[in-house]
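Residue-level listing of the chains:
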Amino acid sequence: MYYIGIDVGTGSVRACLSNYSGKIIKYSSHPLTTWSEYGTYFMQSTENIWNSVVLCIKDVVDGVSVDKIKGIGFDATCSLAVVDANHDPVTVCPFGNKERNVILWMDHRAVGEAEHINSMKHEVLDYVGGKMSPEMEMPKLLWLKKNVQQSWEKIGKIFDLPDFLTWKATGDDSRSLCSLVCKWGFLCRNKGDCNWSASFLKEIGLSELLDNDCYKIGSRVLAPGHPVGMGLTESVANEVGLIPGTPVATSIIDAHAGVLGMIGCNGAQENMFEKRLGIVCGTSSCHMCLSTGPKFIKGVWGPYFGAIIDDYWLNEAGQSATGKLIDHIIESHPAYETLNEKIPKRSLG
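Per chain, residues are indexed from 1 in the order of the written sequence. Confidence filtering applies because this is a predicted model: local features only for residues at pLDDT of at least 70, side-chain atom pairs given and counted only at 80 or more, and all residues used for totals across whole chains, interfaces and linings. Heavy atoms throughout the structure, all of them, feed into the side-chain values; hydrogens and water do not.

**Q** Any details on the packing of helix α2 (residues 111–118) against helix α3 (residues 137–147)? Residues and values, ideally.
**A** Running from amino to carboxyl end, α2 crosses α3 at an angle of 115 degrees, the nearest separation of the two axes being 8 Å. Crossing geometry of α2 relative to α3 is assigned as right-handed. In this structure, α2 contributes E113, A114, H116 and I117 to the contact, and α3 contributes M138, P139, L142, W143, K146 and N147. Each residue is assigned to one of three groups, with Ala, Val, Leu, Ile, Met, Phe, Trp, Tyr, Cys and Pro labelled nonpolar, Asp, Glu, Lys and Arg labelled charged, and all others, Gly among them, labelled polar. Broken down by class, the residue content of the contact of α2 with α3 amounts to 6 nonpolar, 2 polar and 2 charged. Axes here mean lines fitted to C-alpha atoms, for a helix over just the part in contact, with angles spanning 0 to 180 degrees between N-to-C directions. Think of it this way: any DSSP run of H or I at least four residues long counts as a helix, any run of E at least two long counts as a strand, and we number them from the N terminus. Should the near helix be turned anticlockwise from the far one by less than a right angle, the crossing is termed left-handed; should it be turned clockwise, right-handed. Throughout, a contact is declared for two residues whenever any of their heavy atoms are within 4.5 Å.

This is the structure in structure tokens:
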């Protein structure tokens, strides 16, 4: 039996084919396009991302008996993806450019909106360490409503990028508890007590997101790893060369997927989860730990119920620019261009 893991990072899509024991059999990667404006706007395209996902899946399943592939899992950056009622891209750029329909996680255009939301002192903020970051989705949505009204009026659905991928693969409009509690202000006080807070959305000026049972932002929420819909749709299965109905798991944020692997390594028993600190480093760095009860700590994100493992609470902190800062230091050096030309180009595969 084989499984496919798809990791959509900031700069590229990676796919791996692994066996039941977790050994990687095949690997593929494909770069992503990012547009930047003003030094704080960072945008991507769902079409570019999905096309890269398709290329990577086709690469790792080439030559493999597809009837042996038993499931697919997606993780991705906590970026904001927007489509219209026909599922076509809606621009998040004030200058148009329809293809730019993803506000990348590290985009900081919504600083003022985050400050406005934080001034409300709503209960929702207690579950994000006391303050929302401009990297979270509600400040970005408020910015979009205020600054790109034409796009706001066209919106049919809004996704965290990991949820966009499972929706695209299955046609099922469920959302991951991981993305919603960590990045959207979805209020989860405990198991069975999770909901969109109507008072919060009304107070911050986004009450329309409550319309039609929260149709645009999702009302059916699943735990990470839970089967999504009926698996791959026939059209997507044909596109990537797999069997329709191949199971697809509810997604998880990319850094959180790394922590899941780390805290579970070496056959750790369940009671060991609270004794491990996961540190995931890439463009940013994240420090995460789990507990059996909620821990409210000012300035530390969380507590997030069920974000990684069912019945466990997550707290996280970190730094938005670590790998990105190293890139900046290297790429701004006067010798960078000369040295870069001399380095042999090698495939990550």
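**Q** Before we move on, can you summarise the state of the cysteines with the specific residues and values?
**A** Cysteine sulfur atoms that pair up within 2.5 Å are treated as a disulfide. The full count for this structure, using the stated rule, is 1 disulfide. Each sulfur of the disulfide joining C188 and C194 lies 1.9 Å from the other. With no disulfide of its own, C56 lies closest to C16 among cysteine sulfurs, the gap being 11 Å. Residue burial is assigned from relative accessible area. The probe radius is 1.4 Å, only protein chains are included, and a residue is buried under 20% of its type maximum, exposed over 50%, and partly exposed in between. On the basis of relative accessibility, which here comes to 0%, the residue C56 falls in the buried class. For the unlinked cysteine C289, the closest cysteine sulfur is that of C286, found at 12 Å. C289 gets classed as partly exposed once you look at its relative accessible area, which sits at 33%.

**Q** Explain the pairing of strand β18 (residues 313–319) to me, using residue names and the numbers behind them.
**A** Bridge count for strand β16 (residues 285–291) against β18 is 7 bridges, and the pairing is antiparallel. Paired with C286 across the strands is G318, a residue of β18. Strand pairing is assigned whenever DSSP detects at least two bridges linking the two strands. Summarising the sheet, strand β17 (residues 301–305) and β18 pair through 3 bridges and their orientation is antiparallel. Bridge pairing links W301 to E316 in β18.

**Q** So what's going on with the packing of aromatic side chains? Which residues, and what values?
**A** Here a pair means two rings of Phe, Tyr or Trp (six-membered ring of Trp) with centres within 6.5 Å. Their orientation is stacked below 30 degrees between planes, edge-to-face above 60, and tilted elsewhere. Tallied over the entire structure, the rule returns 11 aromatic pairs. Between F159 and F164, the ring centres sit 6.0 Å apart and the planes meet at 75 degrees, which makes this aromatic pair edge-to-face. The pair F159 / F164 is uniform in exposure class, with both members buried. With a centroid separation of 5.0 Å and 65 degrees between ring planes, the pair formed by F305 and W313 is classed as edge-to-face. The residues F305 and W313 share a single accessibility class, namely buried. Taken together, the ring pairs connect Y38, Y41, F95 and W143 into an aromatic cluster.

**Q** Outline the sheet that holds strand β1 (residues 2–8), listing residues and values.
**A** Across the sheet, which stays open at both edges, the 5 strands sit in the order β3-β2-β1-β6-β14 with mixed pairing between neighbours. Unpaired on one side and paired on the other, β3 (24–31) and β14 (252–253) mark the two borders of the sheet. With 7 bridges joining them, β1 and strand β6 (residues 69–76) adopt parallel strand pairing. Residue Y2 lies in a different strand from β6, and its bridge partner there is I69.

**Q** Report on the environment of D163, specifying residues and quantitative values.
**A** You can see D163 is positioned in helix α5 (residues 161–170). By relative accessible area, which is 1% here, D163 ends up buried. Placed 90 residues apart in sequence, D163 and I253 show a C-alpha to C-alpha distance of 9.3 Å. Leaving out residues up to four positions away in the same chain, D163 has contacts with S174, R175, S176, S179 and S251. Engagement of the side chain of D163 in a polar contact is seen with the side chain of S251, the distance being 3.2 Å. Nitrogen and oxygen atoms within 3.5 Å of one another constitute a polar contact, given that in protein one can donate a hydrogen and the other can accept it, and given that sequence-neighbouring residues count only through two side-chain atoms.

**Q** Which residues make up the side chain of N315, and what values do they have?
**A** Looking at where N315 falls in the secondary structure, it is placed in strand β18. Setting aside residues up to four positions removed in sequence, N315 forms contacts with H287, M288, C289, K295, I297, V300, W301, G302 and P303.

**Q** How would you explain the environment of H116 if you had to name every residue and give the values?
**A** By the secondary structure assignment, H116 is in helix α2. Sequence separation of H116 and M132 is 16 residues, and the distance between their C-alpha atoms is 9.8 Å.

**Q** Could you give an account of unusual backbone geometry, naming the residues involved and the relevant values?
**A** Leave glycine aside and you will find that most residues have negative phi; peptide bonds, for their part, are mostly trans. Note that the residue after G302, namely P303, is joined by a cis bond; omega there is 5 degrees. With respect to the helices and strands, the residue P303 is situated in strand β17. For K121, which is not glycine, the phi torsion reads 60 degrees and is therefore positive. Turning to its location among the elements, K121 is positioned in the loop between α2 and α3. Its identity as a non-glycine residue notwithstanding, D311 has a phi of 75 degrees, on the positive side. Inspection of the secondary structure assignment puts D311 in the loop between β17 and β18. For D311, a relative accessible area of 40% translates into the label partly exposed.

**Q** Can you lay out the pattern of salt bridges for me, pointing to particular residues and giving the numbers?
**A** Here, a salt bridge means any side-chain nitrogen of Lys or Arg that lies within 4 Å of a carboxyl oxygen of Asp or Glu. Tallied over the entire structure, the rule returns 12 salt bridges. Its salt-bridge partner being R189, residue D193 comes within 3.4 Å of it at the nearest N-O pair. Accessibility expressed as a relative area gives 31% for D193, which makes it partly exposed. What emerges from the salt-bridge pattern is a single network uniting E123, R189 and D193.

The values reported here are purely geometric and, on their own, carry no functional implication.
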